[in-house]
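Here are the chains, one letter per residue:
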Amino acid sequence: MKTILFLLRKEFLQIFRNRVIVVMIFVMPIIQLLILANAADYEVRNLVLQVVDQDQTTYSRQLIGHFAASNYFLLEGMPASAKKGTVAIARDEADLVLDIPNGFERNLLRDGAAALHLNINAINGVKAGLANSYAQAIIRDFNQEIRSGIVGTTQWLPSYRYWYNPEMDYYTFMVPGILVLLVTLVGMFLSGLNIVKEKEIGTIEQINVSPIRKSQFVIGKLLPFWLIALVELAIGLFAGWLVFSIPIVGSLGLVFGFAALYLLAVLGIGLFISTITETQQQAMFISWFFLVIFILMSGLFTPIESMPDWARAITRLNPVAYFVDVIRLVLLKGSDWWAIRWQMLAMGGFAIVINAAAMLNYRKRG
Amino acid sequence: MRSLFHIIQKEVWHILRDRRTLLILFGMPIMQILLFGFAITNEIKEADVAILDRAHDEHSHALTERLIASEYFIFAANIRSEQELENLFQQGDIKLGIIFPKDWFASAGLQIIADATDPNTATTLVNYTQAIVADYLRDQQTVTQVPPRQIHTELRMLYNQELASVFMFVPGVMTIILMLVSAMMTSIALTREKELGTMEVLLVSPLRPVFIILGKVAPYVILSMINTALILLLSVWVFAMPIRGSLLLLFGESLLFVLTALALGIFISTRTDSQQVAMLFSLMVLMLPTILLSGFIFPIESMPLPLQMISNIIPAKWFIIIIKDVMLKGVGMAYIWEETLIMAGMFLIFTLLSIRNFNIRLSS
């Protein structure tokens, strides 16, 4: 026990001696949180629209008015020809171009039907899909409007309620997830790198010849980062609550309890990586490799439900996915421990397996 | 000149000797492209939905049937109370609940309840449901007449007809990999020599410092270009992505981006003394902004103004625009000279900064 205390003292001295590391650990996450939460916004607005109005009639102007009045589109420019509209898309000056052909109004009134042309830059498929549905909705509305008085086909639509986030605030969704990301970065990178650094510089030899036991050494290495990551989570939660007023519906104790378990797993991964690498560069790349996969497959940025079955099966082995899921459940919906019992069980199992594997793999040699 | 060659040779050995890093360096692009291509998508489908049916009539059954038959929903549970609905939401088992009150069809009382913790998913699912319900109701109307004054919209999705998300991700993944190899690896490789003390040895040798640096970074240029080719090959062969513009131009621009990233990496290494700091710095200042502010995942135009301004100083943003333009739109230099100029300017600035900061004496 006393040995561990000495080791802890040594680690904390080493960590806090390095000013840059301290700044990285405590200041960067806050900045990251502020930036990320604002950047990670999937909402699509301000789509730049250009309209080619070859009709120049009341109807065409009314339709353009509908587009200009919507929150989704910024009407910027009225090119003279459809060709110029296409060039505008190629130059990224427009996201979509609406082309109202000559005779639009006349055809509607005389033939009862008319066509519009809508060209959308579809490189970003999601954005294009949304742009299309917004535009179609506006056109549909306009169509209803010019029909009104002709047939009285009224149709009802079901009512809907948005639970847990009635204001549809995107921060509420992203901030808890970003906290997971930040805690993971600290947990996985710093712990792994720290041990490998001792290997690389050769100081691990000194520890190996000392009477410190394997388990003591490992605990001495992991415990500081476990504590730092938890403190970081607290700071991040506080910042998130203060700046983005994210709701904290569930129990904070449960969040920290799960985080403690999760960090055991993450630190275990870092430890395991440190046992199979020789240099910090290697450790860093292997950590990065897995981290990217973990994060991409975590449901943080893209929904897990949309993944194919095999990918969804993989996410069951992904600790990050569990924590992202749990922190949202508890913070935003107020789930209790019973609701997340399976996630806790999985995380506990994961922590045990990975740490056991790391300990078995760890040799008390250089 | 020969000494430069020797330094390059030394660095190449260093890299080739380190099998693990090498494996990751080439494994990573392949893995990421495949993940993005096959597993990760922004489309929302197969959402779990719970049904609370108090009507149990012909219409409620038919509509439920139709909802579940669509690709957007998967039937999760039949429930009996709103409390049960709440429990399912809290366990994260469902995304949507649909409540059929008694007599819903006549009284127009159908209710949709969405889990709005993810606002986008919630909106999309509600829209899907409404469309399906509207469809169903229309089918129930016996009179079928073509409504007058019908507007048809002829839609053209330019450059990406199927709206494949991989078109969006390939340029982003390429950028990240190049950034990783060029900026992060060089900054680490250079600080490593400092940390281990071998930099001193190199600096007291008769080699000019410029050659030392050049020799150390040259292999990473080659690595990066191999990775570029690898990613392009994969995206064309596996995902049938087109390369509509000039391949030469694409490689030329990639080279420019790699050089910019290298200059950044060298700059970082002149300011740091330990690998750990260099890594954390690269990670937080280079990688995360590259991923998040470059327009790779999140659209820049949706960001608040200050972030949009910050995104302008991120080289990756300009590179991504260039790749998309050349690869997908097939345009030439006439369309991308501005972006190219900006990247070239960044390259110059970082190079000048590193030269100014380069210290021949390490410990002062």
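Scroll up for the structure.
What counts as what
- Residues numbered from 1 in each chain as written.
- Chains lettered and ligands numbered in written order.
- Predicted model: local features only at pLDDT ≥ 70, side-chain atom pairs only at ≥ 80, totals over all residues.
- Heavy atoms only, no water.
- Helix = DSSP H or I, 4+ residues; strand = E, 2+ residues; numbered from the N terminus.
- Rg over C-alpha atoms; globule rule 2.2 N^0.38 Å.
- Contact = heavy atoms within 4.5 Å.
- Lys, Arg positive; Asp, Glu negative; His and termini not counted.
- Charge placed at Lys NZ, Arg CZ, Asp CG, Glu CD.
- Buried area = accessible area lost by both parts, 1.4 Å probe.
- Salt bridge = Lys/Arg side-chain N within 4 Å of Asp/Glu carboxyl O.
- Polar contact = N/O pair within 3.5 Å; in protein donor to acceptor, adjacent residues only side chain to side chain.
- Nonpolar A, V, L, I, M, F, W, Y, C, P; charged D, E, K, R; others polar.
- Pairing = 2+ DSSP bridges.
- Axes fitted to C-alpha atoms, helices over the stretch in contact; angles between N-to-C directions.

Draft legend 1. Quick look at the overall build of chain B. Scanning chain B for helices and strands turns up 14 helices and five strands. For chain B, the C-alpha radius of gyration of 28 Å lies well beyond 21 Å, the compact-globule estimate for 364 residues. Its C-alpha atoms put chain B at 90 × 45 × 40 Å along the principal axes. Taking all contacts inside chain B whose residues are at least 6 apart in sequence as the whole, residues at least 24 apart take part in 78%. Averaging the positions of the 25 positive and the 30 negative side-chain charges in chain B gives two centres separated by 15 Å.

Draft legend 2. Examining the interface of chain A and chain B more closely. Residue-level contacts link 109 residues of chain A with 106 residues of chain B. Here chain A and chain B share an interface that buries about 10,400 Å² over both sides, 64% of which is from carbon and sulfur atoms. Taken together, the links from chain A to chain B amount to four salt bridges. Here A:Lys333 makes a salt bridge to B:Asp115, at a shortest N to O gap of 2.5 Å. Summed over the shared surface of chain A and chain B, the number is 25 residue pairs in polar contact (both at pLDDT 80 or more). It is helix α7 (residues 125–147) of chain A that contributes the most residues to the side of chain A that touches chain B, twelve residues altogether. Considering only residue class, the side of chain A that touches chain B consists of 65 nonpolar, 28 polar and 16 charged.

Draft legend 3. Just the sheet that holds strand β2 (residues 73–79) of chain B, in detail. Pairing is mixed across the open sheet formed by five strands, whose spatial order is β5(A)-β4(B)-β3(B)-β1(B)-β2(B). Both edges of this open sheet fall to β5 (159–163) of chain A together with β2 of chain B, since each of them pairs with a single strand only. The sheet shows a mean angle of 25° between the axes of neighbouring strands, direction not considered. Here strand β3 (residues 96–100) of chain B pairs with strand β4 (residues 111–115) of chain B via four bridges, running antiparallel. Looking at β4(B), one finds that B:Gly97 is bridged to B:Ile113. Sheet strands touched by helix α3 (residues 58–69) of chain B: β1 (47–53), β2 and β3 of chain B. Its angle to β3(B), the strand with the most contacts, is close to 165°.

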